[in-house]
Amino acid sequence: MTYSLEGKNIALGVTGSIACYKAVDLASKLVQLQANVDVLMTDAALQFLTPLNFAAITHRPVVTSMFDPESELSINHVVAAERADLVAVVPATANSLAKIAHGRADDPVSATILATRAPVLVAPAMDANMFDNTATQANVRLLEERGVYIAGPAEGRMASGLVGKGRLLEPSELVGHIRILLGHGGDLAGRKIVVSAGGTREAIDPVRVIANHSSGKMGYAIAEAARDRGAEAVIVSAPTALPNPTGVKVVKVNSALEMGHALDVECTGADAIVMAAAVADWRVAEIADQKVKKSGANNWTIDLVKNPDLIAGIHAEKLVKVGFAAESEDLIENARAKIQSKGLHFIVANDITAEDAGFAVDDNRVIILDREGSVERLPLMSKYDVGVEVLDRVKPLLRGG
Ligand code: PMT
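Computed from a prediction, not measured in an experiment: that's the story for all the values here.

1. Overview of helix α14 (residues 383–394)
One full turn of an α-helix is made of 3.6 residues, so residues set three or four places apart face in the same direction.
For step 1, the next point in the chain: Compared with the 16 Å implied by 1.5 Å per residue over 12 residues, the 16 Å span of α14 between its first and last C-alpha is a close match.
For step 2, the next point in the chain: For α14, the tally of buried residues reaches 10 of 12 residues, placing the bulk of the element in the interior.
For step 3, the next point in the chain: For α14, the set of buried residues is Lys383, Tyr384, Asp385, Val386, Gly387, Val388, Val390, Leu391, Arg393 and Val394.

Written out as structure tokens, the structure is:
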């Protein structure tokens, strides 16, 4: 399993909304992730875009009619429906929602929905009043009751100039929702995986902090990999510049002590904790209330006190505990010692002096050491793929797993 959607067939139904242009971006993102994308357009969608917009991206014929004898798909419109691993209607107008809710099949999109057994995602896009309308709301409820996954809409400014709930979600968010739906029933379904991420910050005064180079990328990638396998994923996150991943709960903290409190809450009832955060070992003994002035001195000594070891202090029953080790020397020896001192099932060691791995970059090169003494060296790979490898080793350790 990798970050790509290789081998996944996604039928993308495009209906007539000004937000159609986002469907082009979505198709492009899905193709970049190596999915096979079959696009189906309604007549109304053809008012906004041409089939060429999609065909040029997907390298596949676009279905625009139920009765096009030239098209392999439209002669037998169930082909797209049958080979789809997921059908996504993006954007979905009020009219198309109504049609789908009531089992109509008079255009390629609604016909595909009726013909498919694959999970269906619908991303509404319409004027706020149309979305609020009791008829539309009843249609949304009907679809939800039947297991259709409704993604959005978001609140914001719409084409009409009005502000309200009806905006199509952004393509990157839609990719997240597609991943969630594809992951339903995955091998970690029903599991709660907590991941810590980022570098904690210890305040010195209201302006200054003690921080480190962790970007949060490693932890966020593990949480996304867990989400994509059907787990309930939670990130306890120190400050980062990363966006919240779709479908992942993110609990924001600053200091090591705050992270500890959040982990206590989130690990209750969880199945595993993966501690990818770079936690400050020390905090300032007394945080100044006011900004410390330079005065005339050339030196400034700050008293530090030890932070508790967070992962060592978590004792939830049957929780699988995974640590990371950021080392600049004696990688294996130092990492091995931490398995025992922190009560871990295994530890993921990374050399933070490497330029192409470790802090802030997209890839990592790790060595996984376990309690039994095994040492596995993995090659350089994306942090998402490291997450997949970590979760593959967490899975057999899970209670009843
Ligand atoms: O965020 P990125 O930019 O993607 O970088 C990723 C990373 C390099 C930060 C990550 O891969 C990593 O190595 N994280 C662990 C960093 C760390 O704090 O290592 P450590 O060897 O100091 O600690 C060992 C383990 O104990 C870690 O799981 C740490 O989270 C945990 N710990 C440490 C101190 C403390 N007081 N409490 C803890 O729980």
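Once you've had a look at it, read on.
2. Thoughts on the site of the ligand
For step 1, the next point in the chain: Close contacts around the ligand come from 29 residues, with Ser214, Ser215, Lys338, Asn350 and Ala360 the closest.
For step 2, the next point in the chain: Contact distances for the ligand include 2.9 Å between an oxygen atom and a backbone N or O atom of Ile311.
For step 3, the next point in the chain: A distance of 3.3 Å separates an oxygen atom of the ligand from a polar backbone atom of Ala326.
For step 4, the next point in the chain: Here the ligand, which alone exposes 780 Å², has 96% of that area covered by the protein.
For step 5, the next point in the chain: For the shell around the ligand, the secondary-structure elements that each account for two or more residues are α11 (217–228) and β16 (320–327).
For step 6, the next point in the chain: If you tally residues by element for the shell around the ligand, the top one is β16, at five residues.
For step 7, the next point in the chain: Class assignment of the residues belonging to the shell around the ligand gives a composition of 15 nonpolar, seven polar and seven charged.

3. A short note on the environment of Met275
For step 1, the next point in the chain: Relative to the elements of secondary structure, Met275 occurs in strand β13 (residues 272–275).
For step 2, the next point in the chain: Between the C-alpha atoms of Met275 and Ala159, which are 116 residues apart in sequence, the distance is 44 Å.

4. A short note on the sheet that holds strand β1 (residues 9–14)
For step 1, the next point in the chain: Read from one edge of the open sheet, five strands run β2-β1-β3-β4-β5, paired in parallel fashion. The open sheet has two edge strands with one neighbour each: β2 (36–41) and β5 (149–150).
For step 2, the next point in the chain: Where β1 meets β2, six bridges bridge the pair, whose relative direction is parallel. Within β2, the position partnered with Asn9 by the bridge is Asn36.
For step 3, the next point in the chain: Most of the contacts of helix α7 (residues 108–115) go to β2, to which it runs at about 125 degrees, and overall it touches β1, β2, β3 (86–92) and β4 (120–124).

5. A closer look at the pattern of salt bridges
For step 1, the next point in the chain: Here the structure, examined in full by the defined rule, presents 25 salt bridges.
For step 2, the next point in the chain: Between Asp107 and Lys99 there is a salt bridge, and its shortest N-O distance comes to 2.5 Å.
For step 3, the next point in the chain: In this structure, Arg393 and Glu376 form a salt bridge, with 2.8 Å as the shortest nitrogen-oxygen distance. With a gap of 17 residues between them, Arg393 in helix α14 and Glu376 in strand β20 (residues 375–377) connect regions that are remote in the sequence.
For step 4, the next point in the chain: Given a relative accessible area of 31%, Glu376 falls into the partly exposed group.

6. Let's talk about unusual backbone geometry
Excluding glycine, a negative phi dihedral is what most residues carry, and trans is how most peptide bonds are arranged.
For step 1, the next point in the chain: The omega angle of the peptide bond from Val90 to Pro91 is -10 degrees, so this bond is cis rather than trans.
For step 2, the next point in the chain: With respect to the helices, strands and loops of the structure, Pro91 is situated in strand β3.
For step 3, the next point in the chain: Cis geometry is found at the peptide bond from Gly152 to Pro153, where omega equals 5 degrees.
For step 4, the next point in the chain: Even without being a glycine, Gln34 presents a positive backbone phi close to 75 degrees.
For step 5, the next point in the chain: Judged by relative accessible area, which is 42%, Gln34 ranks as partly exposed.
For step 6, the next point in the chain: In this model, Ala360 sits at a positive phi of 70 degrees, which is unusual for a non-glycine residue.
For step 7, the next point in the chain: With respect to the element layout, Ala360 can be found in the loop between β17 (346–351) and β18 (363–364).
For step 8, the next point in the chain: You can call Ala360 partly exposed: its relative accessible area is 38%.

Criteria and thresholds
- Residues numbered from 1 in each chain as written.
- Predicted model: local features only at pLDDT ≥ 70, side-chain atom pairs only at ≥ 80, totals over all residues.
- Heavy atoms only, no water.
- Helix = DSSP H or I, 4+ residues; strand = E, 2+ residues; numbered from the N terminus.
- Expected span 1.5 Å × (residues − 1).
- Buried < 20%, exposed > 50% of the residue type's maximum accessible area, 1.4 Å probe, protein only.
- Near = heavy atom within 4 Å.
- Polar contact = N/O pair within 3.5 Å; in protein donor to acceptor, adjacent residues only side chain to side chain.
- Areas by Shrake-Rupley, 256 points an atom, 1.4 Å probe, with all protein chains shown as cover.
- Nonpolar A, V, L, I, M, F, W, Y, C, P; charged D, E, K, R; others polar.
- Pairing = 2+ DSSP bridges.
- Contact = heavy atoms within 4.5 Å.
- Axes fitted to C-alpha atoms, helices over the stretch in contact; angles between N-to-C directions.
- Salt bridge = Lys/Arg side-chain N within 4 Å of Asp/Glu carboxyl O.

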